[in-house]
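# Summary of structural features
One letter stands for each residue in the lines below.
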Amino acid sequence: MTEHQDELVQLVGPDGEPVVSETNAPYRERAARYLLDGPGATDAEPAAQRVRGLYRDMVLVRRFDVEATSLQRQGELALFPPLLGQEAAQVGSGRALREQDYVFPSYREHGVAWTRGMDLADVMPIFRGVDHGGWDPAAHNFHVYTLVIGSHALHATGYAMGVQRDGLVGTGDAARDMAVVAYFGDGATSQGDVSEALGFASVNNAPVVFFCQNNQWAISVPTTKQSRVPLARRAWGFGMPGVRVDGNDVIASWAVMDEALERARTGGGPTFVEAVTYRMGAHTTSDDPTRYRTSDEEESWRRRDPIARVRTYLEKHGAWDETREAELQAEADELGEHVRTTVRAMGAPPTARMFEHVYATPQAQVAAERAAFEAYEAGEPAPSPFEGLLGAPAASAGSTAGGNR
């Protein structure tokens, strides 16, 4: 890879045919285990099994996404941000991660959550409004969703600097060395937090990958109104490699991410990846994209559908058939039923839950406020929120202890 690369890395085109070029040659070599033909292709059946695995991931993630959108329309969710059209970028990059790597997602990374082994129903509590997250980040090294645009890029950078200082980078032990990833959209690159994160990551040579899914629209603002150059060039000014990849090509997304993660784990520092894709649906279920996008634009991207591309690729090599498709759709139906049943069973949590996990360790003021709230809920006299904080009971309203002030 050249240090600064504008040309889009693509290994399989929208027609399911291999793409061979001088630029993508290193990535074809890296992704040989997924290639069914062309230079660098390996044993056909093992490769076909791996590609079928990626196809299964993408189909199931899309089914979850469609199901979640429907649940919101039925009033079961307060809001939902669809990932429709971005499955290849998320699944491809997610499958390049190792178990010890740590991910900081934004709020649309349902496909990455799937590759981390999460039950996708656990993504729903935050959108149903019954939990601030819904899962234990440590269980899958997958942080809770961040709703504040771009702020988690700083969290990822700080975490990566900690990993670096803990000696978990560049040891040569594949089971120990780790990388950190921040996923965000093109709109986040317009936020100051992302620029600050890029600066800190670069000067500290932090083991972090900034994976930007350029889905062309930051709500109603197109990428062309945010940057006059490809977003990957943002990396250049900070002194780190920047790569543009066809985010609708799942194999290319895997290869580019695999390279960036390897660089991070071995002490080579950060990388900025721009995955060029398209948000086929709305920004969230409260959005109406017909107000700012044309049907011609949507149709042009629909012809580049990432899932159709993989299926065509498999079919051209006799590695997919209707029997396999029927089995996969049955599995998708089971997932859909599981998500529906789980969401509808989510009841309102105890109101005092809002006081949990505010701080990592017990905190006196929060404990006092919780006690006051619980007393109020029970219809009892509320203790003073200051009681015990200063080492002595709070003075009563009529007390003049200590003099008038």
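What you are looking at is a predicted structure, and each value in this text was computed from that prediction instead of being measured.

## As for the overall build of the protein chain
- Helix and strand content of the protein chain: 14 helices and 7 strands.
- Scaling as 2.2 N^0.38, a compact globule of 405 residues should have a C-alpha radius of gyration of about 22 Å, and the protein chain matches this with 24 Å.
- Considering only C-alpha atoms, the protein chain reaches an extent of 85 × 50 × 45 Å along its principal axes.
- Put simply, the protein chain has 405 residues, and 49% of those count as buried.

## Focus: unusual backbone geometry
- Phi angles above zero are rare outside glycine, and N141 is one such case at about 50°.
- For N141, the position within the fold is in the loop between α6 (137-140) and α7 (151-165).
- With a relative accessible area of 18%, N141 lands in the buried category.
- With phi around 50°, N205 is a residue other than glycine that occupies positive phi space.
- By secondary structure assignment, the location of N205 is in the loop between α8 (192-203) and β3 (208-214).

## Examining the nonpolar core
- Of all hydrophobic cores here, the largest spans 74 residues; its most connected members are F64, M124 and I251.
- One finds M178, A188, A206 and A235 within the second-largest nonpolar core, a separate group that totals 25 residues.

## With respect to the sheet that holds strand β7 (residues 271-276)
- Strand order in the open sheet made by the 5 strands is β1-β2-β3-β7-β6, with parallel pairing throughout. Taken across any chain shown, the strands that pair with only one partner, and hence form the sheet edges, are β1 (102-104) and β6 (242-246). On average, adjacent strands in this sheet sit at an angle of 20° to one another, irrespective of strand direction.
- Contacts from α7 reach β1, β2 (180-185) and β3 within the one sheet, and its direction differs from that of β2 by about 170°.

## Examining α7
- An ideal rise of 1.5 Å per residue puts 21 Å on 15 residues; α7 measures up with 22 Å between its terminal C-alpha atoms.
- For α7, the complete set of buried residues consists of S151, H152, A153, A156, T157, A160, M161 and V163.
- Two residues or fewer after α7 comes G167, characterised by a positive phi angle close to 75°.

## A word on the side chain of N214
- Take N214: it is sitting in strand β3.
- Within the structure, the side chain of N214 is placed 3.1 Å from the backbone nitrogen of Q216, a separation counted as a polar contact.

## Considering the packing of helix α2 (residues 44-73) against helix α13 (residues 322-344)
- α13 packs onto α2 with a crossing angle of 35° between their chain directions and a minimal axis gap of 9 Å. Crossing angle aside, the handedness with which α2 passes α13 is right-handed.
- Counted by class, the contact of α2 with α13 contains 10 nonpolar, 2 polar and 10 charged residues.

## Some details on the packing of aromatic side chains
- Tallied over the full model, the rule gives 17 aromatic pairs.
- Ring geometry for F127 against Y145: centres 6.1 Å apart, planes inclined by 50°, an arrangement best described as tilted. Highlighted residues: F127 in helix α5 (residues 125-128) and Y145 in the loop between α6 and α7, separated in sequence by 18 residues. Assigned by exposure class, F127 and Y145 land together as buried.
- Judged by centre distance (6.2 Å) and plane angle (70°), the rings of F142 and Y145 are edge-to-face.
- Positioned above the aromatic ring of W301 is the side chain of R304, whose terminal nitrogen or guanidinium carbon lies 3.9 Å from the ring centre.

## Things to note about the pattern of salt bridges
- Applying the stated criterion across every chain, the model contains 30 salt bridges.
- In this structure, the salt-bridge partner of E299 is R303, at a minimum N-O distance of 3.9 Å.
- Judged by its relative accessible area of 35%, E299 falls in the partly exposed class.
- Linked through salt bridges whose partners overlap, the residues forming this network are R63, E67, D333, E337 and R340.

## Focus on the pairing of β2
- Within β2, 5 of the 6 residues are buried, leaving the element largely enclosed by the surrounding structure.
- Bridge analysis of β1 against β2 gives 3 bridges, and the strand direction is parallel. Residue pairing for β2: V103 is matched across the bridge by V181.
- Here 6 bridges tie β2 to β3, and the two strands are oriented parallel to one another. Residue A182 lies in a different strand from β3, and its bridge partner there is F210.
- In this fold, β2 hands off to α8, which returns the chain to β3; that crossover is right-handed.

Calculation notes
- Residues numbered from 1 in each chain as written.
- Predicted model: local features only at pLDDT ≥ 70, side-chain atom pairs only at ≥ 80, totals over all residues.
- Heavy atoms only, no water.
- Helix = DSSP H or I, 4+ residues; strand = E, 2+ residues; numbered from the N terminus.
- Rg over C-alpha atoms; globule rule 2.2 N^0.38 Å.
- Buried < 20%, exposed > 50% of the residue type's maximum accessible area, 1.4 Å probe, protein only.
- Core = buried A, V, L, I, M, F, W, Y, C linked by side-chain atoms within 4.5 Å.
- Pairing = 2+ DSSP bridges.
- Axes fitted to C-alpha atoms, helices over the stretch in contact; angles between N-to-C directions.
- Contact = heavy atoms within 4.5 Å.
- Expected span 1.5 Å × (residues − 1).
- Polar contact = N/O pair within 3.5 Å; in protein donor to acceptor, adjacent residues only side chain to side chain.
- Left-handed = near helix turned anticlockwise from the far one by under 90°.
- Nonpolar A, V, L, I, M, F, W, Y, C, P; charged D, E, K, R; others polar.
- Phe/Tyr/Trp six-rings, centres within 6.5 Å; stacked < 30°, edge-to-face > 60°.
- Lys NZ or Arg CZ within 6 Å of the ring centre and 35° of its normal.
- Salt bridge = Lys/Arg side-chain N within 4 Å of Asp/Glu carboxyl O.
- Right-handed = clockwise from strand over helix to strand, strands pointing away.

Interpretation note: all reported values are geometric properties and have no functional meaning in isolation.
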